[in-house]
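Here is what each chain is made of, one letter per residue.
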Amino acid sequence: LAALNGTVHFLVYRSRTRSEFQPFLPHMFEIVTLSLAKGDDETARGALECLIELVEFSPSFFLNHLEELLENMFKVASDSNIEDATRYSALEFFVTLCESKPSVARKQTELLTKYVSLMLQMMTCVEDNPNWNEGESADLDDEESDYGGESLDRTALSVRGTVLVPILFSMIPQLLAGEDWRHRRAGLMAISIIGEGCIQVLTPNLDKVMQMILPMFRDPHERVRWATCNAVGQLATDFGPIFQMRYHYQVLEAIITVMDDENNPRVQSHAAAAIINFCDHCEPKIMEPFLPVLLQKLDQLLKQGKMIVLEQAITAVAAIADCVKEKFTPFYDNFMPFFKNVLLNATDEAYSKLRGKSMEAISLLAVAVGIETFSKDAKEVLDALLAIQAGPLDELQVPFLQQAWARLCKALGKEFVPYLAALVPSLLLSANLPADLKVVKESEAHMLDEEKWKRLTYDDDKFVAINMSRVQEKSAALTMLYWLADELEDSFFPYVDKLLPVCSESLRFYHFEQVRTASASLMPCILKATTEYLRHNPQTNIETQVQALFQQVINSLLESIANEPNLEVLIALLNSLQSSFMIIGKRYMNTQEFAKLKTTLEQLINKFLKKRELFQQRIQEEETEAHYDITAINLHCDVFIKIGELVAKTIELCGVDILSFVTDICSVYKNFLGENARMQEQYIAVYIFNNLVEYGEDSAQPIYQSWIPYIVQMINSEHPALRKIVVHGISLLAEFSQTLFPQILANVINRLNAAIVSKNSREKYYIVATHAAIACVGQIIEFYPSRIDLHQVLPIWLSYLPVTEATEEAPEIYQQLCSLFLKHTEIILGENFANLPLLLQLFANVMGTPLCSSDTSQTMISIIKQMQADFPGELMQQAWVTLSPVQQEKLHCVLA
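Note that the structure is a prediction, hence the values are computed from the model and not measured.

1. Re the packing of aromatic side chains
- Summed over the entire model, instances satisfying the criterion amount to 25 aromatic pairs.
- Centroid distance F243 to F278: 6.5 Å. Interplanar angle 70°. Geometry classified as edge-to-face. Of the two residues, F243 is situated in helix α16 (residues 242-258) and F278 in helix α17 (residues 265-280); the sequence distance between them amounts to 35 residues.
- Take F243: its relative accessible area is 0%, and that puts it in the buried class.
- F278 gets classed as buried once you look at its relative accessible area, which sits at 1%.
- Centroid distance F608 to F640: 4.3 Å. Interplanar angle 10°. Geometry classified as stacked. Of this pair, F608 sits in helix α31 (residues 591-621) while F640 sits in helix α32 (residues 626-654), and the two are 32 residues apart along the sequence.

Right under this line is the structure:
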C-alpha cells in the first residue's frame with residue numbers, strides 16, 4: 001500500500017511519465033483483490049482511495065485497462081459480504097471517473113447500466129421506521145440508500161441525459177410498480193435526483209414522467225406519498241417555469257389532497273414544502289385561482305399545531321404571498337395574527353427555527369401587500385424585532401432576522417427611518433468586532449468546541465483557531481447595514497462617517513470572505529447616501545466632504561483589490577469600484593485616481609495572463625486535466641472580463657481624459673479579438689472598442705484603428721450576443737468615425753447582408769442580432785448615401801422587412817423606413833410603384849404596436865395621406881385591395 005501511495009503521488013505531479021506506468025495498473029488493483037481475499041478491508045480501502053485520487057487527476061491513465069478495471073470495481077461494489085465503506089469506495093472510483101472524463105463513461109453503456117442498477121438497488125435499502133412521522137431527528141441511518149442517491153446525482157450531473165435517461169427509465173417503471181414500498185420510493189427519489197443533470201433530455205419528455213408520478217400521490221404507503229411530494233417539488237425547481245405552466249392544475253390539486261393526511265404529518269409537511277418549490281418559478285396568474293382552497297388548507301395545517309408541519313406551512317403561506325403579491329391582501333388578516341403570535345410568544349429555544357420562520361413570513365407578507373395594509377401591524381412587529389436584536393441573538397435566527405429587516409425596510413421605505421437610530425448603533429458595534437483568535441496546543445484540541453471555533457493554521461504541536469460565532473455576527477451586521485443603506489440612500493447619510501472606517505477595516509479581514517464581500521458592497525452605498533443627500537439638500541456645503549469621502553473609498557478599494565487573494569471577493573471589489581465611479585461621476589476624479597487605477601489594473605491583468613498561459617499549457621500537456629484547470633481559468637477569466645468592463649465604463653464616464661491611462665490596458669484586450677480567445681473575452685474586448693469609438697472622440701482613433709479589421713470579421717460570428725455587440729460597434733463607427741468608416745464600408749455592407757440572410761438569422765437566438773444588423777445597414781445608408789449605390793442597396797434593405805419581433809431595434813428600423821422613404825421616395829416605391837402594396841402592409845401591421853413609436857406612427861399616417869393626395873386614385877385602390885380586411889379597417893381608423 002505504501003508503494004502504491006508513493007507511485008500515485010508521483011504520477012499526479014509528473015504527467016509526462018504516466019504512460020510508462022500504465023502496464024503496472026493491473027498490479028495496482030491487485031492490492032485491492034489480495035487484501036479483500038485476506039479479509040483486510042482497511043488496506044483495500046487505502047488502495048482504492050489511491051486509485052480514486054489518480055483517476056480524478058488523470059482518467060486517461062486507466063483507458064487501456066478500463067473495462068477490466070470497472071468490472072472488478074463493480075464486483076467489489078456489489079458484494080454484500082464486503083464492508084460497506086469498501087464497497088462505497090469502489091463505487092466512488094466509478095463516479096469520479098464519470099466526473100473526470102464523462103465522454104469515456106458515456107461510451108461504456110453496458111457498464112454504466114450495471115452501475116446505475118446498483119445505485120438504484122442501494123436506494124431501496126431503507127429501514128422501516130415506526131417513528132418516521134416525528135421528523136428528521138427520528139430518521140434512521142440509511143447510509144447505503146443515501147450513498148446510492150448521491151452517486152446517481154453526481155453521475156447524472158456529469159454523464160448527462162442522452163445516455164443516462166434511456167438506461168434509467170428502462171428500470172424506473174419496474175421500481176414504481178413494485179410491491180415493496182421501498183422500491184416505489186426509490187423510483188421516485190431517482191426521478192427527483194436526475195432532473196438537474198438530465199434537464200435537456202427530460203424536458204421534452206415531462207409528460208411521460210408526470211404520468212408516472214401523479215398516480216403515486218394515491219399510494220397506500222406514506223413514505224411513497226412523501227417521495228411523490230419530494231419529486232414534484234424538485235421538478236418544479238429544476239423545470240420551472242415550464243413545469244408550473246403545464247402541470248399546475250394536476251399538481252396543485254394532488255398536493256391539496258395529501259394535505260388532508262392527518263395521520264402522517266410528515267407527508268403534510270412535505271406537501272407544504274412542495275408548494276414552496278412550486279411558487280419559486282410560478283406566475284401569479286397560475287396561482288390566483290387556487291388561493292382560496294390552498295390557503296384554507298394551509299390555515300388548517302397551522303391550526304393543527306404539529307411542530308413538524310408548522311414550519312413548512314408558515315413558509316408555504318409566505319411563498320404564496322411572495323408569488324401573488326397584492327392579490328394576497330384579502331387573506332392577510334387570516335394569517336398575520338398567527339405569525340405575530342409566534343413571533344411574540346415562541347421564545348423557548350425549542351421554537352427558535354419556528355420563530356425565525358415567522359419573521360420570514362411577516363416580512364414577505366409586508367412586501368406583498370404593501371405599506372397601506374401592513375401599517376396597522378408595523379409598529380408591533382418592528383418593536384418585537386428590535387427587542388430580539390437587542391437581546392442575546394440566537395444563531396439560528398440571525399439570517400431570518402437579517403432578511404426580515406431588509407424586507408421590512410423595503411416595504412416601509414422612508415417610514416422605516418425612525419428605527420435606524422435604535423438599530424444602526426448595535427449593528428456598527430457588531431460590524432466592528434475584531435477577530436477573536438487563540439493559539440491552541442494540539443494536545444488540547446479535543447477540548448475545543450468545533451462548532452464555535454475553526455482552525456486557521458496547522459503546525460506540528462499547535463494551531464491558530466478563530467471564533468466563528470463572532471465572525472458570523474460581524475458578517476451578518478455588515479450584510480444588514482448594506483441592505484439598509486442600499487434601500488434608504490440619503491436617509492442613511494447620518495451614519496456614513498461612522499460606517500466608512502468600519503468598512504475600510506473590514507476589507508482587510510482576511511479570515512472570512514463574506515465579511516470582505518459585504519464591506520465591498522457597502523462602499524458604493526456610502527457614496528450613494530452622500531450624493532443623494534447633497535442632491536436633496538443642495539444648500540448644504542459638503543463638497544469638500546464628498547471629495548474626501550470619494551478618495552477614501554477609492555483608495556480603500558484599490559488597496560484591497562491589489563491584495564485580495566480570493567477571486568470571487570476580487571470580483572465583488574471590482575464591481576464596487578465600478579459602481580463608485582458611476583455614482584460619483586467625473587467631477588471628483590483626477591489624474592491621481594487615474595494613475596492608481598492604471599497601476600492596480602495592470603498588475604491584475606499581468607497576473608491573469610501568466611495564469612492563463614500556465615493553465616493552457618497544462619491542458620495541452622494532459623487533456624484529461626482540463627476539468628481541473630478549466631474551472632480555475634474560468635474564475636480568472638471572470639476577473640479579466642470584470643476589469644475590461646470597468647475600463648469600458650471609465651472610458652464612458654471620463655472620455656478623452658482617461659485615454660492616456662488606459663491605452664496599454666486596451667492593447668492587451670485587443671489581443672483577445674482573435675478566434676483563439678473565449679467568446680466572453682472577445683465580447684469584453686468589443687465592448688471596450690465600442691466605448692472608445694463612442695466616448696473617445698478623435699483622440700481614441702490611434703488606439704482602436706488597428707482593431708477595426710477584427711471587428712469587421714466578427715460581424716458573422718456564430719455567437720448571437722457577440723454578433724449583436726459587434727454590429728452595435730459598427731453602427732458607432734459609422735456615426736463617430738466618418739473619416740475611417742468609408743474605407744471599410746463595402747466590406748461591412750456585404751458582411752451585414754450575409755448575417756441578415758443567413759439561414760438561422762430569424763431564429764429566436766439570433767433575431768436580436770439580425771434586427772441590429774438591419775438597423776445598422778439603414779444607418780449606413782442614411783449617413784453615407786453618396787458612397788452607396790442606392791438603387792442597388794435600398795431594395796435589398798427593403799427586402800429585409802418586415803421585422804415582426806418587438807426587439808429594441810424594431811422601432812428604429814421602422815423610423816428608418818419612413819426617413820428613407822421621404823428622402824428616396826422613387827427608389828423605395830420601385831419601378832411602377834411595385835413596392836406600394838408592401839409599404840401599406842408594413843404601415844398597417846406596425847402602427848400602434850410596440851414595433852413602432854408614436855412619432856413614427858404619425859409619420860406613417862402623414863406619408864399615406866400624402867400618397868393619397870399625390871398618387872392616382874386607381875393606383876392607390878390597386879394597392880389597397882392587397883390588404884387584408886383587418887389591415888384595411890385599421891388604416892381607415894387611423895386616417896379618419
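On we go from here.
2. Concerning the packing of helix α5 (residues 66-77) against helix α6 (residues 84-100)
- Close contact between α5 and α6 brings their axes to 7 Å; oriented N to C, the two are set at 145°. Along this stretch, α5 crosses α6, giving a crossing that reads as left-handed. Contacts from L66, L69, L70, M73, V76 and A77 of α5 reach α6 at T86, R87, A90, L91, F93, F94 and L97.
- Along the lines of polarity and charge, the residues of the contact of α5 with α6 split into 11 nonpolar, 1 polar and 1 charged.

3. Observations regarding a negative patch on the surface
- A contiguous patch of negative charge on the surface is contributed by E127, D128, D141, E143 and D146.
- In this structure, E127 sits in the loop between α8 (109-123) and α9 (143-159).
- Taking the relative accessible area as the measure of exposure, E127 reaches 47% and is therefore partly exposed.

4. Things to note about the packing of helix α3 (residues 25-37) against helix α4 (residues 41-57)
- Where α3 meets α4, the axes come as close as 7 Å, and the angle between the chain directions of the two elements is 155°. Taken together, the axes of α3 and α4 lie roughly antiparallel to each other. Judged by the sense of rotation from one axis to the other, the crossing of α3 with α4 is left-handed. Taken together, the residues of α4 that come into contact with α3 (itself represented by L25, M28, F29, I31, V32, S35 and L36) are D41, T43, A44, A47, L48 and L51.
- When its residues are assigned to classes, the contact of α3 with α4 shows 10 nonpolar, 2 polar and 1 charged.

5. Let's talk about the environment of T859
- Considering the arrangement of structural elements, one finds T859 in helix α44 (residues 854-870).
- Ignoring anything within four residues of it in the chain, the contact list for T859 reads C818 and L822.

6. Topic: the sheet that holds strand β3 (residues 462-467)
- The strand order β1-β3-β2 describes an open sheet built from 3 strands, whose pairing is antiparallel. A strand with exactly one partner marks an edge of an open sheet, and here the two such strands are β1 (437-441) and β2 (453-455). For this sheet, the mean angle separating the axes of adjacent strands, direction not counted, is 40°.
- One ladder, built from 3 bridges, connects β2 with β3; its direction is antiparallel. Of the residues in β3, the one forming a bridge with W453 is N467.
- Helix α26 (residues 468-488) contacts β2 and β3 of the sheet and is inclined by roughly 40° relative to β3.

7. Section: the nonpolar core
- Grouped together as the largest cluster of nonpolar side chains are 329 residues, with contacts concentrated most on M287, L298, F374, F416 and I780.
- Apart from the residues lying within four places of it in its own chain, the contact partners of M287 are L252, F278, C279, C282, L294, I320, C323 and V324.

8. Digging into the pairing of β3
- Two elements, β1 and β3, share 5 bridges in a ladder whose sense is antiparallel. Considered in β3, the bridge of V440 is made with F463.

9. Some words on the side chain of Q108
- If you trace the backbone, Q108 turns up in the loop between α7 (102-107) and α8.
- Excluding anything up to four places from it in sequence, Q108 contacts L66, E67 and L70.

10. Remarks on the pattern of salt bridges
- Throughout the structure, instances matching the rule amount to 30 salt bridges.
- Two residues, D139 and R266, come together in a salt bridge whose shortest N-O distance is 2.7 Å. Linking D139 in the loop between α8 and α9 with R266 in helix α17, this pair joins segments that are 127 residues apart in sequence.
- A residue is classified by how much of its surface remains accessible, and R266, at 7% relative accessible area, is buried.
- For D333, the salt bridge is made with K376, and the minimal N-O distance between the two is 2.9 Å. Note that D333 is positioned in helix α21 (residues 332-345) and K376 in helix α23 (residues 371-390), a separation of 43 residues in sequence.
- You can call D333 partly exposed: its relative accessible area is 48%.
- Within this structure, E92, E99, E150 and R154 form a network of salt bridges that share partners.

Basis of the calculations
Residues numbered from 1 in each chain as written. Predicted model: local features only at pLDDT ≥ 70, side-chain atom pairs only at ≥ 80, totals over all residues. Heavy atoms only, no water. Phe/Tyr/Trp six-rings, centres within 6.5 Å; stacked < 30°, edge-to-face > 60°. Helix = DSSP H or I, 4+ residues; strand = E, 2+ residues; numbered from the N terminus. Buried < 20%, exposed > 50% of the residue type's maximum accessible area, 1.4 Å probe, protein only. Axes fitted to C-alpha atoms, helices over the stretch in contact; angles between N-to-C directions. Left-handed = near helix turned anticlockwise from the far one by under 90°. Contact = heavy atoms within 4.5 Å. Nonpolar A, V, L, I, M, F, W, Y, C, P; charged D, E, K, R; others polar. Patch = residues over 30% accessible without salt bridge, like charges linked within 9 Å, V, L, I, M, F, W, Y side chains within 5 Å. Areas by Shrake-Rupley, 256 points an atom, 1.4 Å probe, with all protein chains shown as cover. Salt bridge = Lys/Arg side-chain N within 4 Å of Asp/Glu carboxyl O. Lys, Arg positive; Asp, Glu negative; His and termini not counted. Charge placed at Lys NZ, Arg CZ, Asp CG, Glu CD. Parallel < 35°, antiparallel > 145°, perpendicular 65-115°, else oblique. Pairing = 2+ DSSP bridges. Core = buried A, V, L, I, M, F, W, Y, C linked by side-chain atoms within 4.5 Å.

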